[in-house]
Amino acid sequence: MTCPANHPKLNPTVRVTVTGAAGNIGYSLLFRLASGAVFGPDTPVQLQLLERDNPNSAKVLKGVCMELFDCAFPLLTGIKTTSDPKEAFDGAKAVFLVGAAPRGAGQTRADLITTNGPIFKTQGEAINAAADRNVKVLVVGNPCNTNAYICYHHAPDIARKNFTAMMRLDQNRSIAQLAAKTGKPVCSVQGAAVWGNHSKTMYADIERCTIAGVPAFDLVDQDWYHDFFLPTVADRGTAIIQARGKSSAASAASAAIDHMHDWWLGSNGRIVTMAVPSDGSYGVPEGLVCGFPVICTGNGEYEIVKGIELSKEGKERLEKSVKQLEEEAEHVKALI
Ligand code: NAD
Ligand code: LMR
């Protein structure tokens, strides 16, 4: 990487806010952000890290900052830590809303809404007050779709489409399973997308997916798809919690990097999954934050892929997941 001091045409520094910076995911995410993995080798970043106002969070965050410093990342121009949301979002152009309680064994992600929902009201208000008007927000904290829905309602001065939630991890899990099953490289798997809610009801769609140019359903059979693939992808978060005793962190951070990278720089014509406020496409009620196949056009924008003919099963699965999003929206009515 060229030293920024000698770089002929460096882009302006991007202020990036990460909440929950002292947590599990933060520990993987921050180092990759500071290395240039999201905004590219020509764009310096300033990290603005938000944590809860308590001595333990402050102590851990101090240690994380010491390690960031020790990495001597050429693109990292500064680190600010705070427990004041407005300070954290000041001038931010990219925001990762990670700070929220993770679920424990036996809980569903929706069970977290009472604890986590109010965080996204406060942070939506602070983003509205302090962030750049074209800020790009990625909600990771669960239940991420409904938290993003709460958040944008409290940021009326910022375009709703700028609030997204993370379902890229579900897409990455799908791709990894398909590559392992067929023995093909992960990069040869194209067009896999995950629709609906980041929950057990998600629809991991491979109807239009190709693997090394061959339709996925010519390489994997329906029994494997129904009996192994769908439940494995839908329950992967639970399986990781059972194995690690903590929820996914490095893979979640990696998916967050992929999501923001493609949104910022473009997905090169590839279909990727983002949970975004519905524009009414595919019968999903307007405003619900739903996983869709999108294409990121390279100018910080994305478009929901239109005109897909879902199978009868696909439609039914999407309807079921959307019904759950509607129930969650009803549940958080008092927070809107
Ligand atoms: P963690 O408990 O290790 O870390 C969370 C951090 O957030 C803690 O340091 C905590 O102090 C901080 N925090 C809590 N409330 C805050 C607030 N109001 N402001 C600022 N910071 C706050 O949890 P984790 O493993 O990093 O997971 C974070 C969230 O991400 C969880 O809700 C988890 O379920 C979710 N998650 C989502 C996905 C996804 O695919 N969407 C994947 C993995 C995890
Ligand atoms: C995941 O999918 O790994 C996360 O949403 C964490 C969880 O609770 O499953």
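Structure's up top.
Residue numbers restart at each chain and count upward from 1, following the sequence in its written direction. Labels follow written order: the first chain is A, the first ligand is 1, and so on. Reporting of local features is limited, given that this is a predicted model, to residues whose pLDDT is at least 70; pairs of side-chain atoms are given and counted only at 80 or more, and all residues count toward the totals for whole chains, interfaces and linings. Excluded from the side-chain calculation are hydrogens and water; included are all heavy atoms of the structure.

### Points about the site of ligand 1
Inclusion rule: Any residue with a heavy atom positioned within 4 Å of a molecule or strand is treated as near that molecule or strand. What qualifies as a polar contact is a pair of N or O atoms within 3.5 Å, subject to a donor-acceptor requirement within protein and to the restriction that residues adjacent in sequence count only when both atoms come from side chains. Only the protein chains shown count as cover for residues, and all accessible areas are computed by the Shrake-Rupley method using a 1.4 Å probe. The pocket and cavity definitions rest on a 1 Å grid over protein atoms only: a 1.4 Å probe that fits but cannot leave marks a cavity, an open set with protein on both sides within 12 Å along at least five of seven lines marks a pocket, and residues lining either have an atom within 4 Å of a point. If over half the atoms of a molecule are within 2 Å of the grid points of a cavity or pocket, the molecule is regarded as sitting in it. Numbered from the N terminus, helices here are DSSP runs of H or I no shorter than four residues, and strands are runs of E no shorter than two.
Around ligand 1 there are 26 residues in total, and Asn24, Glu51, Arg52, Ala101 and Asn142 lie nearest to it. Between an oxygen atom of ligand 1 and a side-chain N or O atom of Arg52, the distance comes to 2.9 Å. Protein chains shield 88% of the accessible area of ligand 1, which is 860 Å² for the free molecule. The cavity where ligand 1 resides is the largest pocket. Elements with a minimum of two residues in the shell around ligand 1: helix H1 (24–35) and helix H4 (113–130).

### Remarks on the site of ligand 2
Looking at ligand 2, the residues that line it are Arg103, Arg109, Asn142, Leu169, Arg173, His198, Gly237, Ile241, Ser247 and Ser248. Between Arg103 and ligand 2, the recorded distance is 2.5 Å, taken from a side-chain N or O atom to an oxygen atom. The contact in question runs from an oxygen atom of ligand 2 to an N or O atom on the side chain of Arg173, over 2.7 Å. For ligand 2, the cavity whose grid points lie within 2 Å of the majority of its atoms is the largest pocket. Those elements that provide at least two residues to the shell around ligand 2 are helix H6 (168–182) and helix H9 (236–244).

### Points about the environment of Val194
For clarity, the cut-off: Note on definitions: a residue-residue contact is assigned when non-hydrogen atoms from the two residues lie within 4.5 Å.
Along the chain, the position of Val194 falls in strand S8 (residues 193–195). With 12 residues separating them in the primary sequence, Val194 and Ile206 have C-alpha atoms 8.7 Å apart. Leave out the neighbours within four places in its chain, and Val194 touches Met167, Asp170, Gln171, Ser174, Met202, Tyr203, Ala204, Thr273, Gly291 and Phe292.

### Digging into the pairing of strand S4 (residues 94–97)
Regular strands show a simple pattern: their side chains alternate between the two faces of the sheet. The following threshold applies: Throughout this description, buried means an accessible area under 20% of the type-specific maximum (1.4 Å probe, protein chains only), exposed means over 50%, and partly exposed covers the range between. Any two strands with at least two DSSP-identified bridges between them are counted as paired. A right-handed crossover is one whose linking path, passing over the helix from the first strand to the second, runs clockwise when the strands point away from the viewer.
Where burial is concerned, the two faces of S4 agree: the one with Ala94 and Phe96 and the one with Val95 and Leu97 are both buried. Summarising the sheet, strand S1 (residues 14–19) and S4 pair through four bridges and their orientation is parallel. Across the sheet, Thr19 pairs through a bridge with Leu97, a residue of S4. Relative to strand S5 (residues 136–139), S4 runs parallel, the two being bridged by four bridges. Along S5, the bridge assignment pairs Val95 with Val137. With H4 bridging S4 and the parallel S5, this β-α-β connection has right-handed handedness.

### Regarding the nonpolar core
The cut-off we apply is this: The nonpolar core is taken to be a set of buried Ala, Val, Leu, Ile, Met, Phe, Trp, Tyr and Cys residues, with the residues joined through side-chain atoms within 4.5 Å. Domain ranges listed in this record stem from an automatic or a database domain assignment.
Formed by 105 residues in total, the largest nonpolar core has its most connected members in Leu29, Leu33, Phe39, Leu68, Phe96 and Ile127. At eight residues, helix H10 (residues 250–265) tops the list of elements feeding residues into this core. Three or more residues apiece are contributed to this core by two domains, here domain 1 (4–165) and domain 2 (168–331). Contacts of Phe96, omitting those with residues within four sequence positions, involve Val16, Thr17, Val18, Thr19, Leu29, Leu33, Leu138, Ala256 and Met260.

Coordinates in, geometry out; function isn't part of it.
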